[in-house]
Amino acid sequence: MYFDTHAHYDDRRFDGDRHELLGSMGEAGLSLILNSASSLISAKVSLELADRYPFVYASVGVHPHDSKSMSDSTVSELEALLAHPKALAVGEIGLDFHHNFSPPDVQRARFREQMELARRVGKPVIIHEREAINDTLDVIRDFRDLSGVFHCFSGSWETAKIILDMGWYLSFTGVITFRNARRALEVLEKMPADRIMVETDCPYLTPEPYRGKRNSSLYLPHVVEKVAQVRNVTVEEAAALTMENGKRFFGIPSS
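Here is a short report on the structure shown in this document. This is a predicted model, so every value here is computed, not measured.

## Topic: the overall build of the protein
Thought 1: Each helix and strand in the protein was counted, giving nine helices and eight strands.
Thought 2: Its C-alpha radius of gyration of 17 Å places the protein within 12% of the 18 Å reference for a compact globule of 255 residues.
Thought 3: For the protein, with 255 residues in total, the buried portion stands at 58%.
Thought 4: Intrachain contacts of the protein at a sequence separation of at least 6 include 70% that bridge at least 24 residues.

Quick look at the structure:
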């Protein structure tokens, strides 16, 4: 059984078959899915999905791309949504200096505001970081009391060690099945087993051999198979390990 700890079923690319797809997850062995928000609207839709499907949970937050859309009241609105019993984390939040769809200074300010929100409500954080690792580390060092995960991690072992030494988690996507995934595979091999999480980030980052198609949680087993190969364990052991790690991180009781 699998836990997709980061998906985006509110994305418009699922508009044609969203509920049919989610309805098929149980038969495919997908026990849990965390739908990660990217905006205020996305957070509301994520919680609607969580209300509809017992195995779906949600995070609440504003992606750095949408930082410029935040107003002075947005954090209060996010805080109200985080009172929902299936809102398990603040995210995805962070910094993205690759696209700079929002100005860097705005991203930094809104990132800190949402980290402070997570501290206030006692929730873990889901971090998005692209070409902004030093600035991101500067922020999270000020919030060492929080628990967090760097989603879609593809950084160096040196960076991973800094994050892991804080007690945080690293999550891996279909990128680890790509030929050029050397750095992520090195990290996956060296890191503590109890800090590994897996995700699809669907509809993005479809693993081999389906790269180029729309991603979904149905392809998560390919990510877990790669984890098993790198860690020299069985697929069943890798699935159980990442399931328990994800439950622990998000505070989902083990049945």
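From this point, the narrative continues.
## Topic: the pairing of strand 7 (residues 169-172)
Thought 1: Side chains of strand 7 alternate between two faces, with Tyr169 and Ser171 and Leu170 and Phe172 buried alike.
Thought 2: In the sheet, strand 6 (residues 148-150) pairs with strand 7 via two bridges, with the strands oriented parallel. Bridge pairing in strand 7 places Phe150 opposite Leu170.
Thought 3: Handedness of the strand 7-helix 7 (residues 182-190)-strand 8 (residues 196-198) crossover: right-handed.

## What about the sheet that holds strand 2 (residues 30-35)?
Thought 1: The parallel open sheet is built from eight strands, whose spatial order is 1-2-3-4-5-6-7-8. Both outer strands of the open sheet, strand 1 (2-7) and strand 8, are each paired with one neighbouring strand and no more. Recorded for the sheet is a direction-independent mean angle of 30° between the axes of neighbouring strands.
Thought 2: The sheet contact formed by strand 2 and strand 3 (residues 56-60) spans three bridges and is parallel.

Thresholds applied
Residues numbered from 1 in each chain as written. Predicted model: local features only at pLDDT ≥ 70, side-chain atom pairs only at ≥ 80, totals over all residues. Heavy atoms only, no water. Helix = DSSP H or I, 4+ residues; strand = E, 2+ residues; numbered from the N terminus. Rg over C-alpha atoms; globule rule 2.2 N^0.38 Å. Buried < 20%, exposed > 50% of the residue type's maximum accessible area, 1.4 Å probe, protein only. Contact = heavy atoms within 4.5 Å. Pairing = 2+ DSSP bridges. Right-handed = clockwise from strand over helix to strand, strands pointing away. Axes fitted to C-alpha atoms, helices over the stretch in contact; angles between N-to-C directions.

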